[in-house]
Amino acid sequence: MNWFYSTIQAILNGLLTGALYGLIAMGMALIFGVMRIVNFAHGAFLMLGMYASYVLFQSTGISPYYGFPLVGAVLFVIGYATYMGLLRPIRGQVDFMVILLTMGLALIITDGVQLIFGADYHQISIPLLSKNIRLGSQISINAPWLVSFALAAVLALALYFVVTHTMFGRAARAIAQNRYAAPLMGINVNQVQAISFGIGSAAAGVAGALLLPVFYLFPDVGNQFKLKSFVMVVLGGMGSIQGAAIAGLVLGVVESLTSLYWGNEWALAVDFVIFILVLSLKPSGIFGSQRA
């Protein structure tokens, strides 16, 4: 029966991780859905969120679980300014220019953080880290992961509600359907896209803040999550935020089971096998629909 309990434990751990994955991917999916660009600086914004939360904790003692709204607000402003100052001037240019710009921005942010904080690994210590919740005699849940899961789930639902039940959400979906017809309906495309980029960046920053108590912090930490979020956006359907959320949970469980039975070194390889299979068999994504 040990294998059974180990599998259940791995699935639970995967779901806890997958909720944060989903929040990260939803931010990237929102940006892609409204702007039709892949933000290669998304991982760098997540890393900024982690460092902002780290600085807040070190200077004031505020736990990331209380300070994440402030971190999200800071990343929203950074994302909004990034769109207005860098991305808006090159909208309508070839996609390759946007890719180069966001990749260059990611390098600048990463190198800038390394110059300020160094390349050392950091980790915070809060009382909750040592607490575990027992589910019977064989299964336990780490309390920080459970809190991060709960907060990520609430924030993901809030983001879904904003996109599906608000005027902003309707405007964003109208732009996603037809960017050229949207202005004829009185929609300020640049403003909606800037807000979308800010919200997507804030989602990455908040996910970074919630990751801080359970993950090591270093300047390149965003790279692995940037690749994972791209895989999740493709898996969930390009531009589908609900698909990205579900894909995050799926990817978290798959990685956890892969680590259990094959080893941690195979987890990333399995991610890209899934990525290639989805692109080959269903390019619109498992939870997406083919666009014209």
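The preceding data block contains the structure.
Just so we're clear, the structure is a prediction, and the values are computed from it rather than from any experiment.

Quick notes on the packing of helix α9 (residues 241–261) against helix α10 (residues 267–281)
Stage number 1. It is the contact of α9 with α10, at a shortest axis distance of 9 Å, that shows an interaxial angle of 135°. Here α10 runs oblique to α9, going by the angle between their axes. Helix-helix and strand crossings are classified by hand; for α9 and α10 the assignment is right-handed. Contact residues: Leu-251, Val-254, Glu-255, Thr-258 and Ser-259 in α9; Ala-267, Val-270, Asp-271 and Ile-274 in α10.
Stage number 2. For the contact of α9 with α10, a count of residues per class yields five nonpolar, two polar and two charged.

As for the pattern of salt bridges
Stage number 1. Tallying each qualifying case throughout the model produces two salt bridges.
Stage number 2. Close ionic contact of Lys-228 with Glu-255 constitutes a salt bridge, the shortest N to O distance being 2.6 Å. Residue Lys-228 is found in helix α8 (residues 221–236), and its partner Glu-255 is found in helix α9; the two are separated by 27 residues along the sequence.
Stage number 3. What makes Lys-228 buried here is its relative accessible area of 10%.
Stage number 4. Given the relative accessible area of 8%, Glu-255 is considered buried.
Stage number 5. The residue Lys-228 makes a salt bridge to Asp-271 at a minimum N-O spacing of 3.3 Å. Taken as a pair, Lys-228 in helix α8 and Asp-271 in helix α10 lie far apart in primary sequence, 43 residues in all.
Stage number 6. Note on Asp-271: relative accessible area 1%, which makes it buried.
Stage number 7. Overlapping salt bridges, with partners in common, bring together Lys-228, Glu-255 and Asp-271 in one network.

Reading guide: rules and limits
Residues numbered from 1 in each chain as written. Predicted model: local features only at pLDDT ≥ 70, side-chain atom pairs only at ≥ 80, totals over all residues. Heavy atoms only, no water. Axes fitted to C-alpha atoms, helices over the stretch in contact; angles between N-to-C directions. Helix = DSSP H or I, 4+ residues; strand = E, 2+ residues; numbered from the N terminus. Parallel < 35°, antiparallel > 145°, perpendicular 65-115°, else oblique. Left-handed = near helix turned anticlockwise from the far one by under 90°. Contact = heavy atoms within 4.5 Å. Nonpolar A, V, L, I, M, F, W, Y, C, P; charged D, E, K, R; others polar. Salt bridge = Lys/Arg side-chain N within 4 Å of Asp/Glu carboxyl O. Buried < 20%, exposed > 50% of the residue type's maximum accessible area, 1.4 Å probe, protein only.

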